[in-house]
Amino acid sequence: LYKELHSNPELSFKEGKTSQKLAKILRSLGYQVTENFGGYGVIALLKNGEGKTVMLRADMDGLPVKELTGASYASNTTSFNEVGDEVFTMHACGHDIHMTSLIGTAMNLMKRKDEWRGNLIILLQPAEEVGSGARNIIKAGIFEKFPRPDFNLALHVSAGLVAGKVGYVPGWAMANVDSLDITVKGRGGHGAYPHTTKDPIVMASQLINSIQTIVSREISPIEAAVVTVGSIHGGTKHNVIPNEVRLQLTLRSYTDEVRNQTISTIRRMARGLAEANGLPKDLYPEITLKDEYTPALFNNLELTEKLRISFENVLGKDNVLKLSPVMGGEDFGRYGRVEPKIPTFLFWLGASELEVWEKSVRGEIDLPGIHSPFFAPDPIPTLSTGIKVMTAAAIGVFNDNK
């Protein structure tokens, strides 16, 4: 199943064949299956007597990346992206591992029904990579149309961990993610007569330098934030000053307060720059916060500690590592932010082949990470560990680790 999923990835909002395949498997196992929920979402329900409700989630979408791993089952799939360009597609973020681990866990929990009681929800979610999947699933009414979970659980592959190990992060584990577009406007003209223009390239450069002070001078030193300008486009010719320059930013944070402060400070700085350069209000920068917000993931502290014990019981203490938070994003955190809040936990699943990892430690190679065209999980130990640990976690939560 893993090799088949890996060879046939589908982009966000296009997971139709993947969802049909997985729904068919879950239905054959005896689950009550709902398809095309909130897009191509698949929800499988198993009612197994009175008890807690636990939701296990995996994401399904691939990325527009050309695979270069050289694996015999490497993806050669192409698809059309949101603007109609044909692109290569790859499971470069390990969602194939996530799906296969969840199917294996669903099989185990069905076979071991006598060991637990309650409602099990298996959620296969579309469109995680664009930050819309969880939002659409919630908007479609998962918590109203199905038993409301008492706990949400998920895993994510980690290239930084050897296959066979898992990692956990108590509290804030992954970041708020925002995409921000800025159009810096001006009055174009001849490059030889800059005094007759309002040069947006110079203003955009000033703005880039200014916003780099937000983290160091606006945000408290004990808080975490990232402001990165990932794209800048302006101008067409050496001796022509353009009318505008377009910037694309990614913003990262953990708390809502820092997120809001970062966004409002960028707006203030952009407006101040326009005023300082004598621009009329109709030429003030346009700032657009993209509808791609991914909220920060908070691992419930009590749940994290309980599952740490479960992990150590099945893998041994040496294979369970406490890790640091990262500034990557994962929309799984959105399921834990609904009111009343649902205790939520995502853990890291080691995926690197031991020999490859050891070479990277010695500095002989760079370890390919997620989203890399060279990212190649070591499938058998990764999957067996993911299934074993997720099964133990679910049973432990159903039985309150008793």
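Preceding this section is the structure that the text describes.
Every value quoted in this text rests on a predicted model; they were computed, and no experiment measured them.

Take the overall build of the protein next. Assigned secondary structure in the protein consists of 11 helices and 18 strands. Taken against the 2.2 N^0.38 rule, which gives 21 Å for 402 residues, the C-alpha radius of gyration of the protein at 24 Å falls within 12% of a compact globule. Its C-alpha atoms give the protein principal-axis dimensions of about 80 × 45 × 45 Å. The 402 residues of the protein split such that 51% are buried. Taking the intrachain contacts of the protein between residues at least 6 apart in sequence as the baseline, contacts between residues at least 24 apart amount to 82%. Put simply, the protein shows about 18200 Å² of open surface, and 51% of that area lies on carbon and sulfur atoms.

Attention shifts here to the layout of surface pockets. The space that makes up the largest pocket amounts to roughly 1000 Å³. As for the largest pocket, its lining consists of 36 residues, and the residues nearest its centre are Leu63, Glu128, Glu129, Val130 and His371. Put simply, the parts of the chain that give the lining of the largest pocket at least two residues each are strand S7 (151-162), strand S10 (176-185) and strand S14 (244-253). Looking at the lining of the largest pocket, its residues break down into 16 nonpolar, 13 polar and 7 charged.

On to the pattern of salt bridges, then. Under the defined criterion, the tally for this structure stands at 19 salt bridges. Residue lysine 21 is joined to glutamate 4 by a salt bridge in which the shortest nitrogen-to-oxygen separation is 2.5 Å. With lysine 21 in helix H2 (residues 16-29) and glutamate 4 in helix H1 (residues 2-7), this pair connects stretches of sequence that are 17 residues apart. Look at lysine 21 and you get partly exposed, because its relative accessible area is 30%.

Burial runs high along S10: 8 of the 10 residues are buried. Bridging between S10 and S14 involves 10 bridges; their strand directions are antiparallel. Residue pairing in the sheet places leucine 180 in a bridge with leucine 249 of S14. The pairing of S10 with strand S15 (residues 286-289) spans 4 bridges and is classified as antiparallel. Bridge assignment links aspartate 181 to a residue of S15, and that residue is threonine 288.

Another point: helix H11 (residues 379-398). With 20 residues, H11 extends 28 Å between its outermost C-alpha atoms, agreeing within 8% with the 28 Å of an ideal straight helix rising 1.5 Å per residue. Burial of H11 is extensive: 16 of the 20 residues sit out of reach of the surface. One or two positions beyond H11, positive phi appears at aspartate 400, with a value near 55°.

This part covers the packing of aromatic side chains. Scanning all chains against the criterion turns up 9 aromatic pairs. Centroid distance phenylalanine 143 to tyrosine 335: 6.3 Å. Interplanar angle 85°. Geometry classified as edge-to-face. In this pair, phenylalanine 143 sits in helix H5 (residues 142-145) while tyrosine 335 sits in the loop between strand S17 (320-322) and strand S18 (344-352), placing the two residues 192 residues apart along the sequence. Each member of the pair, phenylalanine 143 as well as tyrosine 335, carries the same accessibility label: buried. Aromatic ring contacts, followed pair by pair, group Phe143, Phe332 and Tyr335 into a single cluster. A cation sits over an aromatic face here: arginine 259 above tyrosine 293, 3.7 Å from the ring centre.

With respect to the helices and strands, the residue glutamate 305 is situated in helix H9 (residues 301-315). Its relative accessible area of 37% is what places glutamate 305 among the partly exposed residues. For the pair formed by glutamate 305 and valine 169, sequence separation is 136 residues and the distance between their alpha carbons is 9.8 Å. Among the polar contacts listed, one links the side chain of glutamate 305 to the side chain of arginine 308, at a separation of 2.4 Å.

Thresholds, definitions, all that
- Residues numbered from 1 in each chain as written.
- Predicted model: local features only at pLDDT ≥ 70, side-chain atom pairs only at ≥ 80, totals over all residues.
- Heavy atoms only, no water.
- Helix = DSSP H or I, 4+ residues; strand = E, 2+ residues; numbered from the N terminus.
- Rg over C-alpha atoms; globule rule 2.2 N^0.38 Å.
- Buried < 20%, exposed > 50% of the residue type's maximum accessible area, 1.4 Å probe, protein only.
- Contact = heavy atoms within 4.5 Å.
- Areas by Shrake-Rupley, 256 points an atom, 1.4 Å probe, with all protein chains shown as cover.
- 1 Å grid on protein atoms, 1.4 Å probe; cavity = no way out; pocket = protein on both sides within 12 Å on 5 of 7 lines; lining within 4 Å.
- Points joined across faces, edges and corners; volume = space filled by probe spheres on them.
- Nonpolar A, V, L, I, M, F, W, Y, C, P; charged D, E, K, R; others polar.
- Salt bridge = Lys/Arg side-chain N within 4 Å of Asp/Glu carboxyl O.
- Pairing = 2+ DSSP bridges.
- Expected span 1.5 Å × (residues − 1).
- Phe/Tyr/Trp six-rings, centres within 6.5 Å; stacked < 30°, edge-to-face > 60°.
- Lys NZ or Arg CZ within 6 Å of the ring centre and 35° of its normal.
- Polar contact = N/O pair within 3.5 Å; in protein donor to acceptor, adjacent residues only side chain to side chain.

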